[in-house]
Amino acid sequence: MTISIWRYSHLTLVISSTLFIVLASITGIILAFEPISDKLSPYDVVDINTVSIQETIAVLQKNYDEVITLDVDENGFVAANVVLKNGKSDTFYINPKTGEKVGEILQKNQFLNLQQIYIVHYF
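Note that the coordinates shown come from a computational prediction; the quantities given were computed from them, not determined experimentally. (Residues numbered from 1 in each chain as written. Predicted model: local features only at pLDDT ≥ 70, side-chain atom pairs only at ≥ 80, totals over all residues. Heavy atoms only, no water.)

A. Examining the nonpolar core more closely. In this structure, Leu-60, Tyr-64, Val-78, Ala-80, Val-82, Phe-92 and Ile-94 together form the largest nonpolar core, which totals seven residues. Counting only elements with at least two residues in this core, the list comes to strand 2 (78-83) and strand 3 (89-94). With three residues, strand 2 is the largest single contributor of residues to this core. The residues touching Val-78, leaving out its near neighbours within four places in the chain, are Ile-48, Leu-70, Asp-71, Val-72, Phe-92, Tyr-93, Ile-94 and Pro-96. (Core = buried A, V, L, I, M, F, W, Y, C linked by side-chain atoms within 4.5 Å. Buried < 20%, exposed > 50% of the residue type's maximum accessible area, 1.4 Å probe, protein only. Helix = DSSP H or I, 4+ residues; strand = E, 2+ residues; numbered from the N terminus. Contact = heavy atoms within 4.5 Å.)

In structure tokens, the structure reads:
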């Protein structure tokens, strides 16, 4: 009788461990595609190591009324928050050489945003 209890408990632990490993594998595969899709975006038009910040700001000041912020994200995309000619503020990706808008800011998928999940569990 005691042998069958141990066998069933062992079977239960193996099944639950297998489900956990399969779930972790599937979510790992899903999370691996986010950096790949970010790198395939066409916003990396110029190697940012070849352009100085002074050159980029000078070009932006010619094209826009005011430059509020200038950011380089982890993918090497240059984002600028500027005041447009009509007086409205806008944030978008730019070509650091010409100051032209190359696209809208990529919004992180909430499903794939691990930092937010960790913050919720931390507090």
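So much for the structure itself; the text now carries on.
B. Inspection of the pairing of strand 2 at higher detail. Along strand 2, six of the six residues are buried, which leaves the element largely enclosed by surrounding structure. Of the two faces of strand 2, the one lined by Val-78, Ala-80 and Val-82 and the one lined by Ala-79, Asn-81 and Val-83 are each fully buried. As defined by bridge partners, strand 1 (residues 66-72) adjoins strand 2 across six bridges and the pair is classed as antiparallel. Opposite Val-72, over in strand 2, you have Val-78 as the bridge partner. From the end of strand 1 to the start of strand 2, which pair antiparallel, there are five residues, and Gly-76 there has a positive phi angle of about 90°. (Pairing = 2+ DSSP bridges.)

C. Here's a closer look at the side chain of Asn-81. Among the secondary structure elements, Asn-81 is positioned in strand 2. Overall, the relative accessible area of 17% leaves Asn-81 in the buried class. A polar contact of 2.9 Å, which involves the side chain of Asn-81, links it to the side chain of Ser-89. Filtering out sequence-adjacent residues up to four positions away, Asn-81 remains in contact with Val-67, Ile-68, Thr-69, Ser-89, Asp-90 and Thr-91. (Polar contact = N/O pair within 3.5 Å; in protein donor to acceptor, adjacent residues only side chain to side chain.)

D. View of the sheet that holds strand 4 (residues 101-104). Strand order in the open sheet formed by four strands is 1-2-3-4, and the pairing between neighbours is antiparallel. With partners counted over all chains shown, the strands left at the sheet margins are strand 1 and strand 4, one partner each. Within this sheet the neighbouring strands show an average axis-to-axis angle of 35°, counted without direction. Strand contacts of helix 2 (residues 53-63): strand 1, strand 2 and strand 3, with the helix running at about 140° to strand 1, the strand carrying the most contacts. (Axes fitted to C-alpha atoms, helices over the stretch in contact; angles between N-to-C directions.)

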